[in-house]
Amino acid sequence: MFSETYAQDAEGLYSVEAALVVRDSSSGNVTCSVLNPILGQEKVMAIFIPEPFFPQTSPWKPAFMVTLTVLTLLIFGAAYYTKREHTAKQQERQEWEKLHRDKEEDQQTKEKVLKDRGELQADLDWRKSVYLSAWRKAQLYADWRKKMFQALSVTLDPESAHPNLAVSDEKTSVTWKDTCEIGEESSVPSVLGCGAITSGCCFWEVEISKRSRGEWALGVCRGDVNREGWYKELPEKGFWAVGKYGKSLCACDRSGTQLSLRQFPHRIGIFLDLKEGEEGEVSFYNMTDGSHIFSFSLASSSGTLFPYFRLSSEDVFLTICSIVSGPAETPVPLNNPPSSLEEPMSLSEEGFSSGSGVDGALPGAESPLLSCSPEAMFP
């Protein structure tokens, strides 16, 4: 018994309440009885407890718990795997998008480069066309001009040499010799190159040795000039030349133009431009620094021209340099000996005493040519 209470009401009746603990193992009837020993009366109440009063724990509960745990783990595992796969796919997609953007940027860069290249090539073609149409009038550097001229292999003609001049066995150099014949001391010591030039664009180079004291002249002359006796080397007489007189470098023109150069030329290039029916030009360049020295205009009727060389003392000798050049307009040599038609004329210092200085002009701001190498202009 766990507890028991008694209570009597007004009529003298008793009310009894009893509490007891029925354990899980108990089964059968539980009897509650009230006994009056004086009267010998007893009241009995039986309560039947079925088997079992408390149901047994279900064997599926642990299985359910295990199953629930496993399912929870599986759900978490699936969620983790799904999240990881989603992250991997997201990273892969981001990488693909990055590669796609990089590819588009590369394509845009390539298109921009091609566009810039096309614009540069168009600009280059324009400059080249302008140069090709105006190079004859432009006083460019010698390296620029050599691209448009054919290197001419010039040799000296011993038959045209003054008796006081000695031509080397290779016919490429001339020097002074003291074997003046009677009557020859009053003539100009000059010599011509072999092979006449009638058309085309050609050039040759001459090296001046011992140039500090001796006097000399270089250029071209007509084939019909008279070189007997003393004469002036003037364009109207058929001579287009520059030379050293005293300590000055002068152009052989009527005014004897003195040339002001950055440095005295050790090697001079003679560029001859002849076009049939058009006005030509002979230009002189300092091949040491490529600068322009002087230019003469040639009338379309200048006729056949020959390379011209003159020495005035033993302090200098001239050597034709061996050069190689690319293709250009090939000059047409005519191996006709020059004829002597013009009357001799005495030479005086008056023709070279004065004149305005002419410096080698460079391409100006108005020129469409850029300051770069010839290889960059003509790829």
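Presented here is an overview of the structure given in this document. Quantities reported herein were computed from a predicted structural model and do not represent experimental measurements.

### So, the overall build of the protein chain
A tally of regular secondary structure across the protein chain gives three helices and 19 strands. Burial statistics for the protein chain: of 379 residues in total, 32% are counted as buried. Counting only contacts in the protein chain whose residues sit at least 6 apart along the sequence, the fraction spanning at least 24 positions is 68%. When the accessible surface of the protein chain is totalled, it reaches about 23700 Å², and 55% of it is carbon and sulfur.

### Observations concerning the packing of aromatic side chains
All chains considered together, the criterion is met by seven aromatic pairs. Between Tyr231 and Phe239 the ring centres are 4.9 Å apart and the planes differ by 10°, which places this aromatic pair in the stacked class. On the basis of relative accessible area, Phe239 is assigned to the buried category, the value being 1%. An angle of 70° between the planes, with centres 5.2 Å apart, marks the rings of Phe239 and Tyr308 as edge-to-face. With Phe239 in strand β12 (residues 239–245) and Tyr308 in strand β17 (residues 305–311), the pair connects residues that are 69 residues apart, well separated along the chain. Among the aromatic residues, ring-to-ring pairing joins Phe149, Phe203, Phe271 and Tyr285 into one connected group.

### Some remarks on the nonpolar core
Residues Trp204, Trp216, Leu272, Val282, Phe309 and Leu318 are the most contacted members of the largest nonpolar core, which totals 36 residues. Apart from residues no more than four positions distant in its own chain, Trp204 is found in contact with Leu152, Val154, Ile197, Gly219, Val220, Ile268, Gly269, Ile270, Leu272, Pro307, Phe309 and Ile323. Among the nonpolar cores identified, the runner-up in size contains ten residues, and Phe149, Phe203, Phe271 and Met287 belong to it.

What counts as what
Here, residues in each chain are numbered from 1, in the same order as that chain's written sequence. With the structure being a predicted model, the display of local features is reserved for residues of pLDDT at least 70 and the display and counting of side-chain atom pairs for 80 or more, all residues being used for whole-chain, interface and lining totals. Heavy atoms from the whole structure form the basis of all side-chain values; hydrogens and water molecules are not counted. Numbering of helices and strands starts at the N terminus; helices are DSSP runs of H or I of at least 4 residues and strands are runs of E of at least 2. Each residue gets one of three labels from its accessible area relative to the maximum for its type: buried under 20%, exposed over 50%, partly exposed in between, using a 1.4 Å probe on protein chains only. Note on contacts: a residue pair is in contact if any heavy atoms of the two residues lie within 4.5 Å. Here the accessible surface of atoms and residues is derived via Shrake-Rupley with a 1.4 Å probe, and residues count as covered only by protein chains that are part of the display. Classification of ring pairs rests on two measures: the distance between centres of Phe, Tyr or Trp rings, Trp counted by its six-membered ring, which must be within 6.5 Å, and the angle between planes, read as stacked under 30 degrees, edge-to-face over 60 and tilted in between. The set of buried Ala, Val, Leu, Ile, Met, Phe, Trp, Tyr and Cys residues whose side-chain atoms join them within 4.5 Å is what this entry labels a nonpolar core.

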